[in-house]
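# Per-entry structural report
Below are the chains, spelled out letter by letter.
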Amino acid sequence: MIQELLDKVKNNKFTLGVLGLGRVGLPFAATFAHHGIKVLGADINKSHIEKILSGKAPFKDVHLEDFIKETVSNKNLIPTTDTSMVIKNSDIIVITVGTPINNSLQPDYSQLISVLDEIAKQDIKNKLVVMRSTSSPGTLEGLVRNTLEKKTGLVEGKDFLLAACPERIVEGKATIELYEVPEMIGGIQEGTNNIVEALFKKLDSKKEVIRVKPEEAELAKLFTNVYRYVNFALANEFAMIANEYGLDAHRVIDAANFKYKRGPIPKPGLVGGPCLTKDGYFMSHGMTHSDFILLAWKINEHLPYYIVNQMKKEMANLNLDINKSKIGILGLTFKSGSDNLIHSPSKKIVDIVGAFNDKIKVHDPYIPDTYALGETLDGSDVVILATNHPEFKDLEDKIEKSRCKLLVDCWGMLDPSKFEKVKYIGFGRVV
Ligand SMILES: NC(=O)c1ccc[n+]([C@@H]2O[C@H](COP(=O)([O-])OP(=O)(O)OC[C@H]3O[C@@H](n4cnc5c(N)ncnc54)[C@H](O)[C@@H]3O)[C@@H](O)[C@H]2O)c1
């Protein structure tokens, strides 16, 4: 079975099935289709599929719309809501459904379970199923293998194959990073790794891979994200410590990083999003010693409150009524250049401010139906720069000329020296 599937991949005589055409699955499917692979992609969201069929990308990713236009029209990519058709007709099935956390901060595998049920309804003999979604260590060899073996009566390694190969792209650049980011491949059978490696070499023969156990791949993915998350939390703690010393954290971090080989220390700022916010909970799922991750979570989740409290103090100094002043918020999405609102700390700022003030205007160039920039600036006594979108660089002059009296820069991205009329406060900044 392994050799047969490997030959099919090497000779381009295989069909790739992708289950879940979201921010991971769609760029994945479109990128492989762009390389001439026959790709069948399924999603249960009908309007999403209609959009893709019309040649449009449902969200931002660098080359995504171009790849969709090309591959939907040449039929290398067939997007559909018919999950069973995709499973039936694919040699390799890649699972890319969402794995969020629920209200109790536990992994929510409902999408994964529903897709496993669909897979188990079909004959998966001689097929390879690759788990690309983020999961707690042990999910492939536990939930995935157990469900498929129990429901199909088939045996992994004898009748079908399984591998973990978690996605590590940065959201919005998947169509670039799929070529660049090394793959961590964890097939249950050693030979399965050859197939997964051959698959990724279709994108670039120089694509780097490392072979590990399935659980190691799952945990390494979580280490990747949690390491970043904790580092961002530490940078935020550094900013608060620098503030206590009356020092500008940006200048201190620049000095610490200057031509220094070990590092760099990241700059402080709001942290959130669909991956970083939740992956710590996947890592510590079932563990009793997750204090470090929880501490990082507490710092990052507390930051929007910290910044709003700083704003309130400054408003009091300027005799601005916190309930009645008009407040403009620049940015709603979770990070620079993104159109994703999931676990967005900027949205959290809007909610916190909205609890005591109903005169808020929000502008985000990536979110339709928000206010225009000019309208937001001209109509506001206080402006909060919440998301560090590139469009907000060099806004000093416009803000200085607006009616704004107080600017709250959550990223310290604007130049305080360019404000005379406007009072500037920035997270990590001392003016
Ligand atoms: N977004 C990122 O940047 C990123 C990066 C690395 C890893 N990940 C991980 O990749 C996985 C997918 O994330 P995402 O951001 O693409 O999620 P997403 O919510 O954007 O996409 C998931 C898609 O799966 C579809 N779906 C749900 N159940 C289905 C079913 N039974 N059959 C077919 N389709 C179904 C949904 O309709 C949705 O379109 C998650 O585990 C996530 O943690 C995400």
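Computed from a predicted structure; not experimentally measured. (Residues numbered from 1 in each chain as written. Predicted model: local features only at pLDDT ≥ 70, side-chain atom pairs only at ≥ 80, totals over all residues. Heavy atoms only, no water.)

Now for the packing of aromatic side chains. Under the criterion given, the structure shown has seven aromatic pairs. Here the aromatic rings of phenylalanine 32 and phenylalanine 200 are separated by 5.8 Å at their centres, their planes lie at 70°, and the arrangement is edge-to-face. Of this pair, phenylalanine 32 sits in helix H2 (residues 25-34) while phenylalanine 200 sits in helix H9 (residues 190-200), and the two are 168 residues apart along the sequence. Taking relative accessible area as the criterion, phenylalanine 32 reaches 0% and is therefore assigned buried. Measuring from ring centre to ring centre gives 5.7 Å for tyrosine 306 and phenylalanine 427, while their planes differ by 80°; the resulting arrangement is edge-to-face. (Phe/Tyr/Trp six-rings, centres within 6.5 Å; stacked < 30°, edge-to-face > 60°. Helix = DSSP H or I, 4+ residues; strand = E, 2+ residues; numbered from the N terminus. Buried < 20%, exposed > 50% of the residue type's maximum accessible area, 1.4 Å probe, protein only.)

Near the ligand you find 22 residues, and of these Val24, Asp43, Thr99, Thr134 and Lys278 are the closest. Contacts to the ligand include valine 24, whose backbone N or O atom sits 2.8 Å from an oxygen atom. Here an oxygen atom of the ligand and a side-chain polar atom of aspartate 43 are 2.6 Å apart. Taking 830 Å² as the accessible area of the ligand by itself, protein coverage stands at 87%. In terms of residue class, the shell around the ligand is made up of seven nonpolar, nine polar and six charged. (Near = heavy atom within 4 Å. Polar contact = N/O pair within 3.5 Å; in protein donor to acceptor, adjacent residues only side chain to side chain. Areas by Shrake-Rupley, 256 points an atom, 1.4 Å probe, with all protein chains shown as cover. Nonpolar A, V, L, I, M, F, W, Y, C, P; charged D, E, K, R; others polar.)

This part is about the domain arrangement of the protein. Along its sequence, the protein is carved into domain 1 (2-213) and domain 2 (294-426). For the pairing of domain 1 and domain 2, the buried interface totals around 550 Å² over both sides, and the portion due to carbon and sulfur atoms is 46%. Of all residues in domain 1, the largest losses of buried area upon contact with domain 2 belong to Arg23, Lys60 and Glu171, amounting jointly to 72% of the total for that side. In this assembly, domain 1 and domain 2 are joined by one salt bridge. For arginine 23, the salt bridge identified is with aspartate 339, shortest N-O distance 2.8 Å. For the pair domain 1 and domain 2, the interface holds four residue pairs in polar contact (both at pLDDT 80 or more). Here the residues of the side of domain 1 that touches domain 2 are counted per class, giving three nonpolar, no polar and three charged. (Domains from an automatic or database assignment. Buried area = accessible area lost by both parts, 1.4 Å probe. Salt bridge = Lys/Arg side-chain N within 4 Å of Asp/Glu carboxyl O.)

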